[in-house]
Amino acid sequence: MADAYSRDLERWIPRLIAVWRKARRKGDGPETRLTPQEVKEVGAGVKQLSLGLTRERQLAGAKYMDDPKLLGAYLLFYWPVSYAQARQALGELPNRPRQVLDLGSGPGPLAFAALDAGAKEVMAADRSKPALTLARELAAEAGEALATREWDPTRKAPPPEGQFDLITMGHVLNELYGTGEGVTAPRAALLEQILGQVKKGGSLLVLEPALRETSRALLKVRDVLVSKGYGIRAPCMFRGNCPALLKESDWCHAERPWPMPRVVEELARAAGLHKESLKMSYLMLAPKGEAWPELPQGRLFRIVSESLEGKGRQRYIGCGAEGRVGLALQEKHRTEKNERFFKLHRGDVISVTETEAKGDGFALDDRSEVKIVAHAGKGIPPPSSEEQPRTATPPPAGPDTPA
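If you're wondering where the values come from, they're calculated on a predicted model, not measured in any experiment.

1. Overview of the packing of aromatic side chains
For the structure shown, the criterion picks out 9 aromatic pairs. Here the aromatic rings of Trp 79 and Tyr 83 are separated by 5.6 Å at their centres, their planes lie at 10°, and the arrangement is stacked. Remark: Tyr 83 and Trp 79 occur in helix H3 (residues 68-90); sequence separation between them is 4 residues, near one turn of the helix. Take Tyr 83: its relative accessible area is 0%, and that puts it in the buried class. The structure contains a cluster of three or more aromatic residues connected by ring pairs, namely Trp 12, Trp 79, Tyr 83 and Phe 112.

Below, the structure written as structure tokens:
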């Protein structure tokens, strides 16, 4: 996470602690950290939430934020994580939003992330009254103006009225409509309804857990919306059905390094969790009728895997207009022009030249040039004035296209 994001998040930590202590009506301690007893208490709630939302999944869709213990655990652990995820994703917005609606907001991590990213008017909407109360308390602590509304999608309630530059949904969609194959259609229908409230040039940002199950479920919703003509602003450049769904073992998620706040680190340790990096699945959708983003010239790929380094070579999985492919470069072919290939991160967008179809993708060699088009968490720049804009339509099959 960029330094500015880290500084913004650090300012929220004492506010989160203060609001939590006020809500529980007992306890006192340092402004910027928890006491050992508080860590133990909250850590137990974090463990319960983790089991219920990412493993056993019995809390998915339940009103867990109405439970003071679980709401407190969310506020001190998952709130900073969700805020950091949102700031990363918001870095890919094509325009700074003015009016924002945060649906399924809980105590508002995405709402406050939008405010810190430059939004002027933000509304948080959720079915949990206790969560909205904490959001208002946080707004008071921070001196921010935050509107709140009740919204319960499980009762088919429509979202709050209005048109918005940005609508966010953080870890909401995966908890709606149950599980199994039947969830795709109602989830897609809900997003289509919500997209009707996004202004021209605006976006709908959907953040989901990085689990295989939740990621693949989001990609299935993506395919329904793409088939209906909706464009994806990020992270996709491939316009067809998501190639990560072709194999049951594949899924697609983002991962970002971040300087974890001390409170989050202590709670993760107390709950027996590992949180060295930010992991999430996300989609940024354009409203109906807007074209997919124009891309700069070149053969572009987003890195969608960790480093798959092997003996004498570097390898990644990339996804671009040509689909999801392997990209490999042997150490013996390392040059000044392709040096960057050995230092890529998941989420980076690169351009490559001079490749040879091999195996499940392309092999690079000493003729290849590798350039960073956009670092992870940054939007892909539009074509320069000298370039002819190109679309993300897959090229026709040829000698450089893998079978």
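On we go.
2. Comments concerning the confidence of the model for the protein chain
Considering every residue of the protein chain, the mean pLDDT works out to 92; 95% of them sit at 70 or more. When the criterion is pLDDT under 50, residues 391-403 qualifies, and its contacts beyond four places in sequence or with other chains add up to 24 contacts.

3. Some thoughts on unusual backbone geometry
For the bond from Ala 234 to Pro 235, the omega torsion is 0°, close enough to zero to count as cis. Within the fold, Pro 235 resides in the loop between strand E6 (232-234) and strand E7 (254-257). With a phi close to 60°, Lys 156 is a non-glycine residue in the positive phi region. Within the fold, Lys 156 resides in the loop between strand E3 (147-150) and strand E4 (164-170). When its relative accessible area of 77% is taken as the criterion, Lys 156 is described as exposed.

4. Digging into the packing of helix H1 (residues 3-24) against helix H5 (residues 129-142)
At a minimum axis separation of 10 Å, H1 and H5 run at an interaxial angle of 130°. Overall, the two elements H1 and H5 adopt an arrangement that is oblique. As for how H1 packs across H5, the hand of that crossing is right-handed. Counted together, Trp 12, Arg 15, Leu 16, Ala 18, Val 19, Lys 22 and Ala 23 of H1 and Leu 134, Glu 137, Leu 138, Glu 141 and Ala 142 of H5 form the full contact between these two elements. In terms of residue class, the contact of H1 with H5 is built from 8 nonpolar, no polar and 4 charged.

5. Re the nonpolar core
By size, the foremost hydrophobic cluster in this structure holds 64 residues, and its most contacted members are Leu 34, Leu 49 and Trp 79. The element contributing the most residues to this core is H3, with 15 residues. What Leu 49 contacts, discounting residues up to four positions off in sequence, is Thr 54, Leu 59, Tyr 64, Leu 70, Ala 73, Tyr 74 and Tyr 78. With 29 residues, the next largest nonpolar core counts Leu 103, Trp 151, Met 169 and Leu 204 among its residues.

Reading the values: rules and limits
- Residues numbered from 1 in each chain as written.
- Predicted model: local features only at pLDDT ≥ 70, side-chain atom pairs only at ≥ 80, totals over all residues.
- Heavy atoms only, no water.
- Phe/Tyr/Trp six-rings, centres within 6.5 Å; stacked < 30°, edge-to-face > 60°.
- Helix = DSSP H or I, 4+ residues; strand = E, 2+ residues; numbered from the N terminus.
- Buried < 20%, exposed > 50% of the residue type's maximum accessible area, 1.4 Å probe, protein only.
- pLDDT = per-residue confidence, 0-100.
- Contact = heavy atoms within 4.5 Å.
- Axes fitted to C-alpha atoms, helices over the stretch in contact; angles between N-to-C directions.
- Parallel < 35°, antiparallel > 145°, perpendicular 65-115°, else oblique.
- Left-handed = near helix turned anticlockwise from the far one by under 90°.
- Nonpolar A, V, L, I, M, F, W, Y, C, P; charged D, E, K, R; others polar.
- Core = buried A, V, L, I, M, F, W, Y, C linked by side-chain atoms within 4.5 Å.

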